[in-house]
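Listed below are the residues making up each chain.
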Amino acid sequence: MPSERLSVVVTRRLPDAVETRLKELFDVRLRDDDTPMTRAELAAAMKSADALVPTVTDEIDANLLAQAGERLKLIANYGAGVDHIDVATARQRGILVSNTPGVLTDDTADMTMALLLAVTRRIPEGLSVMQSGEWKGWAPTALLGGRVGGRRLGILGMGRIGQAVAQRARAFGMQIHYHNRRRLRPEVEEGLEATYWESLDQMVARMDVISVNCPHTPSTFHLLNARRLKLLKPSAVIVNTSRGEVIDENALTRMLQAGEIAGAGLDVYEHGTEVNPRLQGLPSVVLLPHMGSATQEGRLEMGEKVIINIKTFADGHRPPDQVVPGML
């Protein structure tokens with residue numbers, strides 16, 4: 001691409017500092033409000049832009065890509081996950097896709113531990129008692145939770161975030177176990193004091209806590225399906241800060257209602273914002289509105305990655321965070 005200012009369309013409101021820098025570097029069209037674009041608006045944007053900056057709320061499938069204009073050559077995603085983008089079709093149409101890996105690792109791992117503690121120590125129930133004004137004072141048997149030290153943590157997906165979760169959990173005295181597409185190098189595994197399980201079924205059946213930290217791909221859809229969830233111990237807890245589609249949400253809800261699983265901490269949901277209403281109100285469940293990466297630092301670093309990817313592309317080079325189908 002030539003070095004003149006690219007036409008860039010941003011689909012959601014971004015931090016002011018990121019929008020200002022985009023404005024300085026490119027011929028950018030920003031979003032006036034913070035609502036997701038409609039499919040018609042996305043199609044129009046893809047017809048007019050050289051580069052599109054979407055977010056996880058934008059479903060860019062083959063049908064939308066078929067409507068893209070000749071100018072569109074880069075989709076610079078604001079986020080690490082790209083399961084909402086048909087990367088293979090984009091590549092076939094000569095459109096590069098980039099993302100923002102690495103910058104949200106610590107934030108998401110922190111939230112994983114926050115949810116783990118919130119469920120096991122019944123923090124939301126305690127907050128509810130205080131906010132309602134019903135607290136009558138300390139009692140020996142009130143709101144008894146469970147100690148996390150000594151529990152077995154099974155991490156599903158031992159990438160950057162999974163390893164960051166392992167480091168934090170070790171500091172809490174948890175025993176680290178994991179299942180991954182590929183086994184970690186021996187020195188990494190030893191450093192984390194982590195036990196590898198080739199069989200996910202065998203790991204799930206023996207864990208006290210399961211942390212979902214793998215991406216959503218065709219191979220991970222409902223990886224924790226009804227059959228596999230039935231293998232969990234009744235005292236087990238599930239935490240998911242990755243993608244909701246990895247868990248069969250209906251099956252999980254049924255088991256939580258029946259007391260067949262002790263609890264769950266969820267930041268993501270199988271159907272996006274359509275949270276299963278039966279999950280709401282269960283005292284053993286902590287629900288958050290996709291807050292895993294919601295830090296000021298993380299959002300700014302995501303924007304910096306987007307800008308670097310677009311600027312590098314504008315200068316005629318491959319974006320440093322280009323995504324190819326083989327990575328998924």
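Please refer to the structure placed before this passage.
Just so it is clear, the model here is predicted, and its values are computed rather than measured.

Got a minute to help me understand the overall build of the protein chain in this structure?
Each helix and strand counted, the protein chain has 12 helices and 13 strands in total. Whereas a compact globule of 328 residues would reach a radius of gyration of roughly 20 Å, the protein chain reaches 22 Å, a difference of no more than 12%. For the protein chain, the residues scored as buried account for 50% of the 328 residues in total. In the protein chain, 60% of the contacts between residues at least 6 apart in sequence involve partners at least 24 apart. By element, 51% of the accessible surface of the protein chain is carried by carbon and sulfur atoms, the whole surface being about 16000 Å².

Help me understand the sheet that holds strand β2 (residues 27-29), please; the structure alone is not making it clear to me.
To summarise the sheet geometry, strands pair through backbone hydrogen bonds and adopt either a parallel or an antiparallel arrangement. One open sheet holds the six strands; their spatial order is β2-β1-β3-β4-β5-β13, and the pairing between them is mixed. If you trace the sheet from one side to the other, it starts and ends with β2 and β13 (322-323), each paired once. Where strand β3 (residues 51-53) meets strand β4 (residues 74-76), two bridges bridge the pair, whose relative direction is parallel. Residue pairing across strands places Ala-51 opposite Leu-74, the latter belonging to β4. Lying on the sheet, helix α2 (residues 39-48) is in contact with β1 (7-10), β2 and β3; it crosses β1 at an angle near 165 degrees.

Would you take a moment to explain a nonpolar patch on the surface for this structure?
Taken together, the side chains of Met-130, Trp-135 and Trp-138 make up a nonpolar region of the molecular surface, amounting to roughly 460 Å² of accessible area. Of note, Met-130 is situated in helix α6 (residues 123-132).

Where do I start with the environment of Val-53 in this structure?
If you trace the backbone, Val-53 turns up in strand β3. Between the alpha carbons of Val-53 and Leu-74 there is a distance of 8.6 Å; along the sequence they are 21 residues apart. Those residues within four positions of Val-53 in sequence are excluded, and the remaining contacts are Val-8, Val-9, Val-10, Thr-11, Ala-76, Tyr-78, Val-306 and Ile-310.

Even after reading the chapter, I still don't get the pairing of strand β7 (residues 175-179), so can you show me in this structure?
The two faces of the sheet receive side chains in turn, since in a regular strand these alternate between them. Judged by how many residues are buried, β7 sits mostly within the fold: four of five residues are covered. Here five bridges tie strand β6 (residues 152-156) to β7, and the two strands are oriented parallel to one another. In the sheet register, Leu-156 faces β7, and the bridge partner there is His-179. With helix α7 (residues 160-171) bridging β6 and the parallel β7, this β-α-β connection has right-handed handedness. Across three bridges, β7 lies against strand β8 (residues 194-196) in parallel orientation. Paired with His-177 across the two strands is Thr-195, which belongs to β8. Regarding topology, helix α8 (residues 186-192) serves as the crossover connection from β7 to the parallel β8, and that connection is right-handed.

The rules behind these values
- Residues numbered from 1 in each chain as written.
- Predicted model: local features only at pLDDT ≥ 70, side-chain atom pairs only at ≥ 80, totals over all residues.
- Heavy atoms only, no water.
- Helix = DSSP H or I, 4+ residues; strand = E, 2+ residues; numbered from the N terminus.
- Rg over C-alpha atoms; globule rule 2.2 N^0.38 Å.
- Buried < 20%, exposed > 50% of the residue type's maximum accessible area, 1.4 Å probe, protein only.
- Contact = heavy atoms within 4.5 Å.
- Areas by Shrake-Rupley, 256 points an atom, 1.4 Å probe, with all protein chains shown as cover.
- Pairing = 2+ DSSP bridges.
- Axes fitted to C-alpha atoms, helices over the stretch in contact; angles between N-to-C directions.
- Patch = residues over 30% accessible without salt bridge, like charges linked within 9 Å, V, L, I, M, F, W, Y side chains within 5 Å.
- Salt bridge = Lys/Arg side-chain N within 4 Å of Asp/Glu carboxyl O.
- Right-handed = clockwise from strand over helix to strand, strands pointing away.

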